[in-house]
Amino acid sequence: MLDNFILKLEEFILSYAVIIIAVMVVGKALMRALFTYSPPFADEVSQFSVIIATFMGISYAARKGRHISMSAFYDMAPFKIRKVLMILIPAITALFLFVLAYYSYLYVIDIKNSGRVTSAMQTPLYYMYIAIPIGFALGGIQFIRNMLINITDRDTVYLGTDATDYNDKELSERDVQDEVHL
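Residues numbered from 1 in each chain as written. Predicted model: local features only at pLDDT ≥ 70, side-chain atom pairs only at ≥ 80, totals over all residues. Heavy atoms only, no water.

Moving on, we get to the side chain of Glu-44. In this fold, Glu-44 is placed in helix H2 (residues 42-64). Among buried Asp, Glu, Lys and Arg side chains, Glu-44 stands out as unpaired, with Lys-28 the closest opposite charge at 10 Å. In terms of polar contacts, Glu-44 uses its side chain to reach the backbone amide nitrogen of Ala-120, at 2.6 Å. If sequence neighbours within four positions are ignored, Glu-44 has contacts with Thr-118, Ser-119, Ala-120, Met-121 and Met-128. (Helix = DSSP H or I, 4+ residues; strand = E, 2+ residues; numbered from the N terminus. Buried < 20%, exposed > 50% of the residue type's maximum accessible area, 1.4 Å probe, protein only. Lys, Arg positive; Asp, Glu negative; His and termini not counted. Salt bridge = Lys/Arg side-chain N within 4 Å of Asp/Glu carboxyl O. Polar contact = N/O pair within 3.5 Å; in protein donor to acceptor, adjacent residues only side chain to side chain. Contact = heavy atoms within 4.5 Å.)

Moving on: H2. Spanning 23 residues, H2 covers 31 Å between terminal C-alpha atoms, matching the ideal 33 Å at 1.5 Å per step. The largest bend in H2 comes to about 40°, at Gly-57. One or two steps after H2, the chain reaches Gly-65, where phi turns positive at roughly 70°. (Expected span 1.5 Å × (residues − 1). Bend = angle between axes of the 7 residues up to and from the residue.)

Written out as structure tokens, the structure reads:
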């Protein structure tokens, strides 16, 4: 139930962050072209949204198996090696994300203690960066979940908790995909 709530919250945050980015960027360009005026807050709102979408998207991408990966050697490996890799890679990635969450948390605290504010909206600057340690921590948790699902289910390789390995699809599906890629 908690996992489903987090998934829906991530989808909501990511969806609206992208919509806000589009509205702010296009709106600012249109305002400048039509009225020779550009709202001073548009850049800051866009920047807030880009940071939120980027760092809150880490967990969502890990859950769906849509994170960036270099899969040339992985794709050629037999099932057992892919299974071991999909236990080790998420574990190491989670470790790095937790370290980054810690250091980004220290950075956010440093910005908070400095008392800096944004120039146009006069919003405390740390509000903009608070999504960074949260996103890293949620991403680390999701990669731990990816590792655990690969440990508990011995018959399938999972790229994410919601995504099985494309190498294990039925042969007929893979043949169609290979023809498309060629």
